[in-house]
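# Structural overview for review
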Amino acid sequence: MNKETFDMIMNYYELENTLYFKIEPKLGSEEADELLDPFMDYRERVLKIGKYLETDKYVNRDGILKSKYESLASYMKLTVIYEYENEYSLCETTNGDIHLIPKELINFEAVE
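A brief structural summary. Since this is a predicted model, take the numbers as computed values, not measurements. (Residues numbered from 1 in each chain as written. Predicted model: local features only at pLDDT ≥ 70, side-chain atom pairs only at ≥ 80, totals over all residues. Heavy atoms only, no water.)

Scanning the model with the defined rule gives two aromatic pairs in all. For the pair Tyr 20 and Phe 21, a centre-to-centre distance of 5.2 Å together with 90° between the ring planes defines the contact as edge-to-face. Relative to Tyr 84, the ring of Tyr 82 has its centre 6.3 Å away and its plane inclined at 45°; by these criteria the two rings are tilted. Here Tyr 82 matches Tyr 84 in class, with each residue buried. Looking at Arg 61, its charged tip hangs above the ring of Phe 108, at a distance of 3.9 Å from the centre. (Phe/Tyr/Trp six-rings, centres within 6.5 Å; stacked < 30°, edge-to-face > 60°. Buried < 20%, exposed > 50% of the residue type's maximum accessible area, 1.4 Å probe, protein only. Lys NZ or Arg CZ within 6 Å of the ring centre and 35° of its normal.)

Below is the structure:
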């Protein structure tokens, strides 16, 4: 996974969220969820998360962010989902957000 592709996926995710909060008051949460489920399914399939998780490649290792990165504060706890050969890791924060973070910014020793 490269940074440009990840950013594009997450930009579409933001559009999806904006759309959800515009249609949910009019249609109700059940119908809004039903309409937007294909978008969530596609995102999970591309990122290989959720029901598409590749368990043989799943890292599931906790770490701490060494320094501020993009919108993330330093010392934030992360769970690494995948590590890529391009020196990035797909991570999940404690609130469930997904981020692509350079491996060198993740400290594993602080949580072991």
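Helix geometry: helix H2 (residues 29–47) is bent most strongly at Leu 36, by close to 45°, with proline Pro 38 lying one to four residues after it. Among all positions in H2, only Ala 32, Leu 36, Asp 41, Arg 43, Glu 44 and Leu 47 are buried. Among the structural elements, helix H1 (3–27), strand S2 (77–83), strand S3 (88–93) and strand S4 (98–102) are those in contact with the buried residues of H2. (Bend = angle between axes of the 7 residues up to and from the residue. Helix = DSSP H or I, 4+ residues; strand = E, 2+ residues; numbered from the N terminus. Contact = heavy atoms within 4.5 Å.)

Here the focus is a nonpolar patch on the surface. A contiguous nonpolar surface patch, about 360 Å² in accessible area, is contributed by Met 8, Tyr 12 and Leu 15. Position of Leu 15 among the secondary structure elements: in helix H1. (Patch = residues over 30% accessible without salt bridge, like charges linked within 9 Å, V, L, I, M, F, W, Y side chains within 5 Å. Areas by Shrake-Rupley, 256 points an atom, 1.4 Å probe, with all protein chains shown as cover. Salt bridge = Lys/Arg side-chain N within 4 Å of Asp/Glu carboxyl O.)

Moving on to the sheet that holds S2. Spatial strand order, S4-S3-S2-S1-S5: five strands in an open sheet with antiparallel pairing. On the outer flanks of this sheet lie S4 and strand S5 (106–107), each paired with one strand and no other. Judged from the two bridges that link them, strand S1 (residues 61–65) and S5 form a sheet pairing that is antiparallel. Across the sheet, Leu 65 pairs through a bridge with Ile 106, a residue of S5. The strands touched by H1 within the sheet are S3 and S4, with S4 carrying the most contacts at an inclination of about 160°. (Pairing = 2+ DSSP bridges. Axes fitted to C-alpha atoms, helices over the stretch in contact; angles between N-to-C directions.)

Next up on the list: the nonpolar core. Of all hydrophobic cores here, the largest spans 11 residues; its members are Phe 6, Ile 9, Met 10, Leu 47, Ile 49, Ile 81, Tyr 82, Tyr 84, Leu 90, Ile 98 and Leu 100. At three residues, the largest contribution of residues to this core is made by H1. Counting residues in each nonpolar core, the second largest holds 10 residues, with Leu 72, Leu 78, Val 80 and Leu 105 among its members. (Core = buried A, V, L, I, M, F, W, Y, C linked by side-chain atoms within 4.5 Å.)

Taken together, the side chains of Glu 30, Glu 31, Asp 33, Glu 34 and Asp 37 present a region of like negative charge at the surface. Inspection of the secondary structure assignment puts Asp 33 in helix H2. Its relative accessible area of 36% is what places Asp 33 among the partly exposed residues. (Lys, Arg positive; Asp, Glu negative; His and termini not counted. Charge placed at Lys NZ, Arg CZ, Asp CG, Glu CD.)

Counting buried residues in S2 gives five out of seven residues, a clear majority hidden from the surface. Two strands pair when backbone bridges link them, and S1 and S2 are joined in this way by four bridges, in the antiparallel orientation. Each bridged residue has a counterpart across the sheet, and for Gly 63 the counterpart in S2 is Leu 78. Pairing geometry for S2 and S3, over five bridges, is antiparallel. Across the sheet, the residue bridging to Thr 79 is Glu 92, located in S3. Between S2 and S3, which follow one another and run antiparallel, lie four residues, and Glu 87 among them has a positive phi close to 75°.

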